[in-house]
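Residues per chain are reported as follows:
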Amino acid sequence: MCGIVGYVGNEEAAPILLDGLRRLEYRGYDSAGVAIQEASGIEVVRAVGKLRNLEKALFDRPLQGSVGIGHTRWATHGRPSEVNAHPHVAGPIAVVHNGIIENHLRLRAELEKGGFTITSDTDTEIVSHLIHRETRAGHDMLTSIRRALAQVEGAYAIAVVSEAEPRRIVVAKSSSPLVLGVSRNATYCASDIPALLPYTNEMVFMEDGEIAVLDPDGFSLSTLAGEPVNRRSRKISWSPVMAEKAGYKHFMLKEIFEQPRALEDTMRGRLDRERADVETAEIGLSDEDAKAIRRVILLACGTSHHATIAGRYWIEELAKLPAITELASEFRGRDAVIGEGDLVIAVSQSGETIDTLMAAKEAKARGAKVLAIANVNGSAIPRMADASFYTHAGPEIGVASTKCFMTQLANLLMFSIWLSRRRGTLSEGEAREIVEGLVRIPHQIEERLEAMHEKISDMVREFSNARDVLFLGRGLSFPMALEGALKLKEISYVHAEGYAAGEMKHGPIALLDAEVPVIVLAPQDRHHERVCSNLQEARAREAKIIGVTTAGDAQTQSLCDAFVEVAPVHEVLSPFLTVVPLQLYAYCVADHKGTDVDQPRNLAKTVTVE
Ligand code: F6R
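The shown structure was predicted, so the numbers you read here are calculated from the model rather than taken from an experiment. (Residues numbered from 1 in each chain as written. Predicted model: local features only at pLDDT ≥ 70, side-chain atom pairs only at ≥ 80, totals over all residues. Heavy atoms only, no water.)

(A) Local environment of the domain arrangement of the protein chain. For the protein chain, the domain assignment lists domain 1 (3-242), domain 2 (245-426) and domain 3 (446-596). For domain 2 versus domain 3, the separation of C-alpha centres amounts to 26 Å. Of the roughly 2,300 Å² buried where domain 2 meets domain 3, counting both sides, 73% is carbon and sulfur surface. For domain 2, the biggest contributors to the area lost against domain 3 are Phe 257, His 306 and Tyr 313; these three give 22% of the whole. Viewed at the interface, domain 3 and domain 2 are joined by two salt bridges. Ionic pairing is found between Asp 591 and Lys 249, a salt bridge with its closest N-O pair at 2.9 Å. Counting across the interface, domain 2 meets domain 3 through nine residue pairs in polar contact (both at pLDDT 80 or more). Going through the elements one at a time, helix H6 (251-257), helix H7 (259-267), helix H9 (302-319) and helix H13 (403-423) are the ones with two or more residues in the side of domain 2 that touches domain 3. Looking at the side of domain 2 that touches domain 3 element by element, the count peaks at eight residues for H9. (Domains from an automatic or database assignment. Buried area = accessible area lost by both parts, 1.4 Å probe. Salt bridge = Lys/Arg side-chain N within 4 Å of Asp/Glu carboxyl O. Polar contact = N/O pair within 3.5 Å; in protein donor to acceptor, adjacent residues only side chain to side chain. Helix = DSSP H or I, 4+ residues; strand = E, 2+ residues; numbered from the N terminus.)

Okay, structure coming up:
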């Protein structure tokens, strides 16, 4: 959480920093600020609230200079206020930071004892004073930052400017993400790729424990201990247009509509239709590895966790392997039994979620093999994993994940097919049916999207005032019910629960009355009859029923107050279709209520704090 950006070149820095921050705003948006090297020294402008407040402040007080750093904040230490906004200045030094300095209280006391005046409640200001203390002792900028960081415990990506060396930015990283961008006559840094896409495709991913000096001609990279690091830039294939709204009202809506394309891109070259198999040479796991796995443990958080529940069902059913899902935050520090023979699949859109990263590291340290499923190339989780299987959804900007979830499902199903073919648990005929079905899914989503959006926008008028909403599903529809409830909660602030339909009578049924809409996922599958019984139980309590049904299932539809149809598919494929109306439902309710769909309150896209 929090986004940082830096520019050193020959153009005016302020518009480039603002543009970068706009593209990073999804990472945090309670305050923002920039520090620019003006002819007379470093000047800082900060503002509380959304980026437009900073834009206005910069309009009133324009800053001129071609070297600068910027920050958009998601508060961890200290409430959102101008004094707590970054950059933080100490003497000739200004710092922006993403992460958490864990020993900041001890360092604060030590600095205050040494006569330093700390004006904010943040952990970041401590870093700026530590660097200042080292520069006062006569060290140059790079050495000062190295020495300061040696005293710091915790997670950080920092960018620093100093009046003593006005044509440079120094950046360093431990745990929080940081990418450098290089172009002719300018060098950039940012927390995430989209901030830099309009300026360059040439990027360098920094590793933990590295520090870099940026100037207009490029960068020099080394470890914090002083060892030089030689790393070439890589070309990123995402285009800047991919990170724009393209005429949609919100990024979330655009990303829902992009799902057919995201799925096609993710499956391209991986489905071997001739052999009814999955081509996963890129993963780097051998057929022997597939046979040696004794158990699969799927680790993730939030929406990605819901994808892993579907993944678990697929792995059990198709590959006949024991599989469990774990919330990464609960796995950590619990002394879970794990070791050789276990395959951990760590699923993360950003590839940077700290709980997932740390849990996967813990599992690896205990002897498990780690496979990463991530959307951001070169991010921390794939980097630490033994093998990686990327989703190709393109940049996801809306804070509520949609298209990345869809592509996580695709990778998990493809991996399950691959495993089952190697383990001999899925016949060619069954595999062919699933592979051919999967190929048709993007079209089956696409052909209904427009009409489904229209129908659901009308439908929510009746239901958008509900205070509570229940989502019910069985089997593979259960994780989709969880996902539907999470989407609704996070962007419309309506209380929602996802429940295994069979569990309703063990508690939540007490909530039901005529005011509570119940969204029932009832595709034609082996659970259909029992789900319909649960639907009837809810109806008997006068709840309003919204059904997600297979097209033409008039009998189920006759039990619903409203319904949405999805195409008939092989039952293992139903999640790809049933989740779409739930995403649209959440979107339409939020849009109807006028909430900030792409940047819901209190959330951030990438959660790099524990
Ligand atoms: C909800 C959402 C979050 C993320 C979670 C994990 O819409 O996006 O619940 O799924 O923060 O993030 P990643 O997948 O980046 O590890």
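Picking up where we left off.
(B) Broad picture of empty space enclosed by the protein. If you walk through the whole model with that rule in mind, you get four cavities of 30 Å³ or more. Approximately 200 Å³ is the volume attributed to the largest cavity. Taken together, 25 residues make up the lining of the largest cavity; nearest its centre are Ser 191, Asp 192, Ile 193, Ser 350 and Val 376. Classifying every residue of the lining of the largest cavity by side-chain character gives 12 nonpolar, six polar and seven charged. (1 Å grid on protein atoms, 1.4 Å probe; cavity = no way out; pocket = protein on both sides within 12 Å on 5 of 7 lines; lining within 4 Å. Points joined across faces, edges and corners; volume = space filled by probe spheres on them. Nonpolar A, V, L, I, M, F, W, Y, C, P; charged D, E, K, R; others polar.)

(C) Inspection of the nonpolar core at higher detail. Within the largest apolar cluster, 90 residues are counted, with the highest numbers of intra-cluster contacts made by Ile 345, Phe 415 and Phe 576. If you count residues domain by domain, this core takes at least three from each of domain 2 (245-426) and domain 3 (446-596). Those residues in contact with Ile 345, other than ones at most four positions away along the chain, are Val 296, Ile 297, Leu 298, Leu 299, Ile 315, Leu 371, Ile 373, Leu 412 and Phe 415. Counting 38 residues, the second-largest nonpolar core is a separate cluster that includes Tyr 188, Ile 193, Met 203 and Ala 243. (Core = buried A, V, L, I, M, F, W, Y, C linked by side-chain atoms within 4.5 Å. Buried < 20%, exposed > 50% of the residue type's maximum accessible area, 1.4 Å probe, protein only. Contact = heavy atoms within 4.5 Å.)

(D) Spotlight on the pattern of salt bridges. Under the defined criterion, the tally for this structure stands at 36 salt bridges. Two residues, Asp 265 and Arg 261, come together in a salt bridge whose shortest N-O distance is 2.3 Å. On the criterion of helical spacing, the pair formed by Asp 265 and Arg 261 is a turn pair, its members being four residues apart in helix H7. Residue Asp 265 is classed as buried on the basis of its relative accessible area, which comes to 19%. The structure contains a network of salt bridges with shared partners spanning Asp 272, Arg 275, Asp 277, Asp 287 and Arg 422.

(E) Inspection of the packing of aromatic side chains at higher detail. Counted by the stated rule, this structure contains five aromatic pairs. Taking 5.5 Å as the distance between ring centres and 25° as the angle between the ring planes, the aromatic pair formed by Phe 415 and Trp 418 counts as stacked. With Phe 415 and Trp 418 both in helix H13 and three residues apart, this pair spans about one turn of that helix. On the basis of relative accessible area, Phe 415 is assigned to the buried category, the value being 0%. Trp 418 sits in the buried class, given a relative accessible area of 3%. Seen from the ring of Phe 563, Lys 455 lies directly overhead, with NZ or CZ sitting 4.2 Å from the centre. The ring of Tyr 493 has Arg 601 lying over it, and the distance from NZ or CZ to the ring centre is 3.8 Å. (Phe/Tyr/Trp six-rings, centres within 6.5 Å; stacked < 30°, edge-to-face > 60°. Lys NZ or Arg CZ within 6 Å of the ring centre and 35° of its normal.)

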